[in-house]
Amino acid sequence: MPARFSTIGVVGAGAWGTALANAAARAGREVVLWGRDAEAVEAMARSRTNPAHLPGVRLADSITLSASLAALSGCDAVLLVVPAQASREVAHALAPHLAAGTPVVTCAKGIERGTSLFMTQVLAEACPGATPAILSGPSFAADVAAGLPTAVTLAARDLGVAEGLATALGSSSFRLYHSDDVRGVEIGGAAKNVLAIAAGIVGGRQLGASAGAALIARGFAELMRFGKAFGARTETLTGLSGLGDLILTCSTAQSRNYALGLSLGRNEGLHPTGKLAEGALTAAVLVAMAQARGVDMPIARAVEAVLAGRSDIEQAIGSLLARPQKAEA
């Protein structure tokens, strides 16, 4: 085991951050888990639980909790587990506390609004001394925290770094595949969130399992077109972080993005659970980037129009069904 990955920092004490902290501890790493709210972090340290975000899950004994980013200064690698649109701010604050070359693994699935940058590009700007990497794939925090079998992908431009991190974080229940196709991994995670909203709308409108399957298949075709336009590899897009994650997020209300679509389809509004659905923030920038590259993404475009209030559900469905007949490609 590479000694440089023996201590792992986790930035973000939400459900996913807590789950990944437990996964790293299960793999034998010493873990420092940072949270922004000092009072909540202190309560977690006392109770060894995170009832607000991951009730019923006990924090491993090898996890140290802190509300100070300085506590991460001795970590050999850091997992950045904050929402996509908050990643720049937090990475910038983290940067002074890291040794040069420290791998920082973004675990957010999105594209930054305003800059149209992918998550590792945001890291490169906000934390320039770090080595950017990304972790993504079909995974729910509750499953990972409970030690249920889960497989994801970890990518870095240096394949040796990716492999070392995957080995350091992996365990019998948390399997990590390594890759150097950073762009492919981050595109899969960002695009599938938008498509999952569409799948939820289909479920909320009770359009049937056949429509749901068609939506996933045609949505995946859009993801593939977008990914190829930005240099992603086919094997990455058809793997865990692309097709695998798309299937999971389009299949159950346990996905926040699917739950959002479900609520829209039922005419219940935009915020049914009060939890962040990354796809709602990614849709506009994804569609704009696709249009700039001449990539046809009618499902993503329909979702964006609904979220922006330019189209209602019936109009969006009608526009998709009225598209000209064409050969499947």
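You'll find the protein chain entered in an unreviewed UniProt entry as Glycerol-3-phosphate dehydrogenase [NAD(P)+], with Starkeya nomas given as the organism.

Describe the pattern of salt bridges, naming the residues involved and giving the relevant values.
Taken as a whole and assessed by the stated rule, the structure comprises 13 salt bridges. Here Lys192 and Asp245 are joined by a salt bridge, their closest N and O atoms 3.8 Å apart. Taken together, the residues span a long stretch of sequence, with Lys192 in helix 7 (residues 182-204) and Asp245 in helix 10 (residues 240-249) at a distance of 53 residues. The exposure class assigned to Asp245 is buried, which follows from its relative accessible area of 1%. Between Asp296 and Arg323 there is a salt bridge, with the nearest N and O atoms lying 3.1 Å from each other. Of this pair, Asp296 sits in the loop between helix 12 (278-292) and helix 13 (298-307) while Arg323 sits in the segment after helix 14 (313-321), and the two are 27 residues apart along the sequence. Overall, Asp296 belongs to the partly exposed group, its relative accessible area being 27%. Taken together, the salt bridges that share partners define one network made up of Arg88, Glu112 and Glu125.

Parameters at a glance
Residues numbered from 1 in each chain as written. Predicted model: local features only at pLDDT ≥ 70, side-chain atom pairs only at ≥ 80, totals over all residues. Heavy atoms only, no water. Salt bridge = Lys/Arg side-chain N within 4 Å of Asp/Glu carboxyl O. Helix = DSSP H or I, 4+ residues; strand = E, 2+ residues; numbered from the N terminus. Buried < 20%, exposed > 50% of the residue type's maximum accessible area, 1.4 Å probe, protein only.

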